[in-house]
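What the coordinates show
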Amino acid sequence: MIKNKIYFVGIGGIGMSALARYFKHEGWKVAGYDRTPSPLTAALEREGIAVHYEDSVEAIPQSFRDPAATRVIYTPAIPHDHSELNWFLDHGFEVLKRSRMLGLLGEGKRVMAVAGTHGKTTTTTMTAHFNAVGAGEGSAFLGGISKNFDSNLVLGPGARMAVEADEFDRSFLQLHPQEAVITSVDPDHLDIYGTYEAVREAFAQFASQIVPGGTLILKAGVDLPLERSDIRRYTYHVSDPAADFHAEKLTVDAGGYYTFDLVFPDRRLEGCRLGIPGLVNVENCVAAAALVWCEGFDDTRLREAIATFRGVQRRFDFWVNDPEQPEGTIYMDDYAHHPAELRAMLTSVRKMFPHRELTVIFQPHLYTRTRDFAPEFAEVLSLADRVWLLPIYPARELPIPGVASEMILEQVTAPQKRMISKEELLSEVEALPVGGILVTAGAGDIDRFCAPVAEVVKRKNRNGSH
């Protein structure tokens, strides 16, 4: 019997849902489980994919219970005692991690991978858009929802396949890319790796898996122990002229949008204007353009691709930034959940709007990350004028005694700081003076407040209340 069914344990994850959409498009019968309903699972259900939300063997559809016809994919975020996953394992099903499946799909493709402890989702999504517009080809599996494609999956002609290479659970070691960008190697996921040195070793192993004749593009300043003489090596940086790929003649307008020349080893692309604001995104643009340069592009069409890039949901995502209300509050949301990501994002915001009061609402993600980086989070959040902290979002973790958001708050040196609950969030936004910058950040469920927060900010801007 040919396997023509695929069941996803954890189907609502950003990477898992992209795979589910891919197999549905390819004609497979697809179903799955996730812990909670979300906009992603609702979209999957609208596309004809059956999803249930109770960990119950009885809930697995009857047509997916034959190991001769069904392949099972799971995410490492699923706990080891998950009853459905263990039922599949105990009954002889072919069971693969998501990363293994992504590696298999890359066979025969020109895999263009983006790795790094931050910056990879936007850079991968830019790569997909630059391939599509600048070269007219390419597919992609993304770690966020692209605003250009309105999806986390891109299906296009040609052999190029842009993928986000995730270091969580060492997933990226399933990939053997033709080209790879590494944006950053900061200490993270220490609950898995144990030490920063182990993180660096994993990134070095990932880089060592680039196919012979392939290309590694490193952020300038990132140092990895790697001995390979059979691949090309380049560096990139937002503005350092010593890097092989960089930007020059940077200018910024009042809305934070940058115009610049993009410098490649063999050419210069003058007068590029990036379609989303923020200096951090210019650096992501340099990295993505470097990756696409390896496979080739049309100069005019790449400049158009840079100008028409609309960003990724929850990545430097402006909800309120009305040029017709220049005195109004500006509101943006970001997925940043590591101190280095927060620093990159908040520094960019400060450079864009240097004279405005900055309020940050942050939801820490994971007890282990909060425990490991509380001083670093506090130092970065102290860049703001006002800091509100929500309780920790636990995700896959159980509470750790003594670990709470207050660990961060007590070390913050911003002029104003306090803990707030989710129930208080909207009323606190309501009480803010008009005219500052408001940022929500975190990888938990804080994004569910984006639309109502935006409505409050828009109404206050219209009324002009201070």
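For the structure itself, look to the data block above.
These lines cover the structure that appears in this document, whether it is placed above or below.

Each value, and the rule that gives it
- Residues numbered from 1 in each chain as written.
- Predicted model: local features only at pLDDT ≥ 70, side-chain atom pairs only at ≥ 80, totals over all residues.
- Heavy atoms only, no water.
- Helix = DSSP H or I, 4+ residues; strand = E, 2+ residues; numbered from the N terminus.
- Rg over C-alpha atoms; globule rule 2.2 N^0.38 Å.
- Buried < 20%, exposed > 50% of the residue type's maximum accessible area, 1.4 Å probe, protein only.
- Contact = heavy atoms within 4.5 Å.
- Areas by Shrake-Rupley, 256 points an atom, 1.4 Å probe, with all protein chains shown as cover.
- Salt bridge = Lys/Arg side-chain N within 4 Å of Asp/Glu carboxyl O.
- 1 Å grid on protein atoms, 1.4 Å probe; cavity = no way out; pocket = protein on both sides within 12 Å on 5 of 7 lines; lining within 4 Å.
- Points joined across faces, edges and corners; volume = space filled by probe spheres on them.
- Nonpolar A, V, L, I, M, F, W, Y, C, P; charged D, E, K, R; others polar.
- Core = buried A, V, L, I, M, F, W, Y, C linked by side-chain atoms within 4.5 Å.
- Phe/Tyr/Trp six-rings, centres within 6.5 Å; stacked < 30°, edge-to-face > 60°.
- Lys NZ or Arg CZ within 6 Å of the ring centre and 35° of its normal.
- Pairing = 2+ DSSP bridges.
- Axes fitted to C-alpha atoms, helices over the stretch in contact; angles between N-to-C directions.
- Polar contact = N/O pair within 3.5 Å; in protein donor to acceptor, adjacent residues only side chain to side chain.
- Parallel < 35°, antiparallel > 145°, perpendicular 65-115°, else oblique.

Next up on the list: the overall build of the protein. Along the backbone of the protein there are 14 helices and 21 strands. The C-alpha radius of gyration computed for the protein amounts to 22 Å, which stays within 12% of the reference 23 Å derived for 466 residues, consistent with globular compactness. Structurally, the protein occupies a C-alpha span of about 70 × 55 × 40 Å along its principal axes. For the protein, the residues scored as buried account for 57% of the 466 residues in total. Of the contacts made within the protein by residues no fewer than 6 positions apart, 66% connect residues no fewer than 24 positions apart. Surface accessibility of the protein: about 18,600 Å² in total, with carbon and sulfur atoms responsible for 50%.

A few words now on the pattern of salt bridges. Evaluation of the coordinates by the stated rule reveals 24 salt bridges. R418 is the partner of E428 in a salt bridge, and the nearest nitrogen-oxygen pair spans 2.4 Å. Residue E428 is found in helix α13 (residues 422-430), and its partner R418 is found in strand β20 (residues 416-419); the two are separated by 10 residues along the sequence. One salt-bridge network, held together by shared partners, links E248, K249, D261 and R268.

Within the secondary structure layout, Y335 lies in the loop between β17 (330-334) and α10 (339-352). With sequence-adjacent residues up to four places away left out, Y335 is seen in contact with R314, R315, G442 and A443.

Before going further, it helps to spend a moment on the layout of surface pockets. A water-sized probe, rolled over the atoms, reveals where empty space remains. Estimates place the volume of the second largest pocket at around 470 Å³. Lining the second largest pocket are 25 residues, with H118, T183, K219, E283 and A344 positioned closest to its centre. Those elements that provide at least two residues to the lining of the second largest pocket are α7 (196-208), α8 (279-295) and α10. Looking at the lining of the second largest pocket, the element that brings in the most residues is α10, giving 5 residues. Considering only residue class, the lining of the second largest pocket consists of 10 nonpolar, 9 polar and 6 charged.

A few words now on the nonpolar core. Ranked by internal contacts, the top residues of the largest apolar core, which has 45 residues, are F8, F23, V30, F141, I182 and F206. Considering each element in turn, this core owes the most residues, 6 residues, to helix α1 (residues 14-25). When sequence neighbours within four positions are dropped, the list of residues in contact with I182 reads A115, F203, F206, A207, L216, I217, L218, K219, L224 and Y236. I217, A287, C294 and I306 belong to the second largest nonpolar core, which has 37 residues in total.

With that settled, consider unusual backbone geometry. One non-glycine residue, D150, adopts positive backbone phi at about 55 degrees. Among the secondary structure elements, D150 is positioned in the loop between β7 (139-146) and β8 (151-154). One non-glycine residue, L366, adopts positive backbone phi at about 85 degrees. The residue L366 is located in the loop between β18 (358-362) and α11 (367-381) in this model.

Attention now goes to the packing of aromatic side chains. Tallying each qualifying case throughout the model produces 19 aromatic pairs. Ring centres 5.2 Å apart and planes at 75 degrees place the aromatic pair F23 and W28 in the edge-to-face group. Per residue, the accessibility class of F23 equals that of W28, and both read buried. A cation over an aromatic ring shows up here: R65 above the ring of W87, its NZ or CZ 5.5 Å from the ring centre.

Further remarks concern the sheet that holds strand β13 (residues 246-252). In a beta sheet, neighbouring strands pair by backbone hydrogen bonds and run either parallel or antiparallel. Reading across the sheet, the 3 strands line up as β13-β14-β15 and stay open at both edges, with antiparallel pairing between neighbours. The strands lining the two open edges of the sheet, one partner per strand, are β13 and β15 (268-273). Pairwise comparison of adjacent strand axes, ignoring direction, gives a mean angle of 15 degrees for this sheet. Bridge analysis of β13 against strand β14 (residues 258-263) gives 5 bridges, and the strand direction is antiparallel. Within β14, the position partnered with A247 by the bridge is L262. Strands β13 and β14 of the sheet are contacted by α8, whose axis makes an angle of about 30 degrees with β14. Each of β14 and β15 is contacted by helix α9 (residues 299-308), which is oriented at about 30 degrees to β15, the strand it contacts most.

Spatially, 5 strands are ordered β3-β2-β1-β4-β5 in an open sheet, and the strand pairing comes out parallel. Either end of the sheet is taken by a strand with one partner, and the two such strands are β3 (50-52) and β5 (94-97). Averaged over all neighbouring strand pairs, the angle between strand axes comes to 20 degrees, with direction disregarded. Bridge count between strand β1 (residues 5-9) and strand β4 (residues 70-74): 5 bridges; the pairing is parallel. Within the sheet, the bridge partner assigned to V9 lies in β4 and is Y74. With respect to the sheet, α1 is in contact with β1, β2 (29-33) and β4, its orientation differing from that of β1 by roughly 170 degrees.

Before going further, it helps to examine the environment of E58. Looking at the element boundaries, E58 is found in the loop between β3 and β4. Along the backbone, E58 and G296 are 238 residues apart, and their C-alpha atoms lie at a distance of 51 Å. Of note is the side chain of E58, whose polar atom sits 3.1 Å from the side chain of S56.

This part takes up the pairing of strand β10 (residues 179-182). By the alternation rule, side chains of β10 split into E179 and V181 and A180 and I182, which are all buried. Direction of pairing for β10 relative to strand β11 (residues 215-219): parallel, over a ladder of 4 bridges. Along β11, the bridge assignment pairs V181 with I217.

Our focus in this paragraph is the packing of α10 against α11. Across the interface, α10 lies against α11 with an axial gap of 9 Å and an inter-helix angle of 5 degrees. If you check the angle between α10 and α11, you find them roughly parallel. When α10 is examined against α11, the residues P339, L342, R343 and L346 are found in contact with a partner set consisting of F373, E376, F377, E379, V380 and L381. Considering only residue class, the contact of α10 with α11 consists of 7 nonpolar, no polar and 3 charged.

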